[in-house]
Amino acid sequence: FHGIISREQADEILAGVEGAYILRESQRQPGCYTLALRFGNQTLNYRLFYDGKHFVGEKRFESIHDLVTDGLITLYIETKASEYISKMTTNPIYEHIGYATLLREKVSRRLSRTKNESRKASVTSEENTPVEKITSLVRRAALTQNDNHFNYEKAHNFKVHTFRGPHWCEYCANFMWGLIAQGVRCSDCGLNVHKQCSKYVPNDCQPDLKRIKRVYCCDLTTLVKAHNTQRPMVVDSCIREIEARGLKSEGLYRVSGFTEHIEDVKMAFDRDGDKADISASIYPDINIIAGALKLYFRDLPIPVITYDTYSKFIEAAKISNADERLEAIHEVLMLLPAAHYETLRYLMIHLKKVTLHEKENFMNAENLGIVFGPTLMRPPEDSTLATLNDMRYQKLIVQILIENEDVLF
């Protein structure tokens, strides 16, 4: 650290020593600090920040030395290979998967086994397959050849990642440079790519069950793709149980089950997945299963009726003409992601069945709309006032969906 000195003085100190650096306090803005770094026969000046770690851009470093090391690597690569970097994404191996050829026979055997097993069970687990070492790229190549029809589109969930040792991008097959945060990794499927390459990766994420730590609070599309199902198995399991023994239960979905028992069901699904036992022998009160289903919908990070479509549904509900309103709601339904649409469709078919037993359970479409309105849709902004103002429209939307499920879906 050289105290308050000018750029010219810093330049004199560093002259002729490539890779040398000093820290100085700004003359123009006392209390602000600058990293002066010698590279390419010139002195580069960067505003230096500290929030527990040192940084001049996005990356955070434990020491200035690490920051400079990473910076020199990046500067060197970008200076010497700028033209090559700009062309990296033009011929991606991602689209051709050239290096998967050697593993194709092994993958084909796995696919053949998977197809045979899928005839015996609705959900096929891949936890014990003998190809765990195959990269996520090859795994995804195999899945694209699979003939399952639950091929919902899902964007990758990329997060900045620090790779230990040399690493190569699974999109362009080029080296990932830098000391830390060399690229990004999809936290759902494990795909590793350059940050700039991540913009070109298609929405074809196939989540790996080993990376999905829970069922509740997990993104809906992520969960169904990880389990290769049309809908979240929580929804299927709970609805199957409720229709088997609870359709005539008075106050179904309105009467609350014991909170601790509902939490037990939640933990059972998080722990055992589709193997969770929610039978009458374990939970004789059907309101516990109904409560667990409602809790699943409330815990979704993106509601079944997504934030993107929320305002469009509310506007549709405000239309006074019944036919026009129905048409508007149908148009907005088409904007829902496929997994959300299928889940909502299946739930509405179930709730319609509930209303057919209104004489016994006292639950009509309006009552169910009151229960499920705030459960299935929430305003994008966390505003109590907006929620209160929209509650009657939330109820109306669900009521219309139930009453007209055969037309709308």
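Residues numbered from 1 in each chain as written. Predicted model: local features only at pLDDT ≥ 70, side-chain atom pairs only at ≥ 80, totals over all residues. Heavy atoms only, no water.

## A word on the sheet that holds strand β3 (residues 42–50)
Within the open sheet, the 4 strands sit side by side as β1-β2-β3-β4. Their pairing is antiparallel. Looking at which strands have only one partner, the edges of the open sheet turn out to be β1 (21–25) and β4 (54–55). In terms of strand pairing, strand β2 (residues 33–39) meets β3 through 7 bridges, oriented antiparallel. By the bridge assignment, Leu 37 is partnered in β3 with Leu 44. Relative to the sheet, helix α1 (residues 7–14) contacts β1, β2 and β3, its axis offset from that of β1 by approximately 160 degrees. (Pairing = 2+ DSSP bridges. Helix = DSSP H or I, 4+ residues; strand = E, 2+ residues; numbered from the N terminus. Contact = heavy atoms within 4.5 Å. Axes fitted to C-alpha atoms, helices over the stretch in contact; angles between N-to-C directions.)

## Side note on the pattern of salt bridges
Under the defined criterion, the tally for this structure stands at 15 salt bridges. Among the salt bridges present, the one from Asp 70 reaches Lys 59, with a minimum N-O distance of 3.2 Å. Of the two residues, Asp 70 is situated in helix α2 (residues 64–80) and Lys 59 in the loop between β4 and α2; the sequence distance between them amounts to 11 residues. Residue class for Asp 70 comes out buried when judged on its relative accessible area of 4%. Looking at Lys 59, the relative accessible area reads 22%, which means it is partly exposed. By sharing partners, the salt bridges in this structure join Arg 231, Asp 236, Glu 342 and Arg 345 into a single network. (Salt bridge = Lys/Arg side-chain N within 4 Å of Asp/Glu carboxyl O. Buried < 20%, exposed > 50% of the residue type's maximum accessible area, 1.4 Å probe, protein only.)

## A closer look at the pairing of strand β6 (residues 183–186)
Here strand β5 (residues 158–161) pairs with β6 via 4 bridges, running antiparallel. If you follow Val 160 over to β6, its bridge partner there is Val 184. Once β6 ends, the chain turns through 5 residues before running back antiparallel as strand β7 (residues 192–193), passing Gly 190 with a positive phi of about 90 degrees.

## Considering the packing of aromatic side chains
We describe a pair of aromatic rings using the distance from one ring centre to the other and the angle between the two ring planes. Inspection of every chain in the model, using the stated rule, returns 8 aromatic pairs. A centroid spacing of 5.0 Å and a plane angle of 70 degrees characterise the contact between Tyr 253 and Phe 372, whose relative ring orientation is edge-to-face. On the criterion of sequence distance, the pair formed by Tyr 253 in the loop between α7 (233–245) and α8 (259–272) and Phe 372 in helix α14 (residues 365–376) is long-range, its members being 119 residues apart. The burial state of Tyr 253 is the same as that of Phe 372; both residues are buried. One aromatic cluster is present, formed by Tyr 216, Tyr 296 and Phe 297 through successive ring pairs. A cation sits over an aromatic face here: Arg 231 above Tyr 346, 3.7 Å from the ring centre. (Phe/Tyr/Trp six-rings, centres within 6.5 Å; stacked < 30°, edge-to-face > 60°. Lys NZ or Arg CZ within 6 Å of the ring centre and 35° of its normal.)

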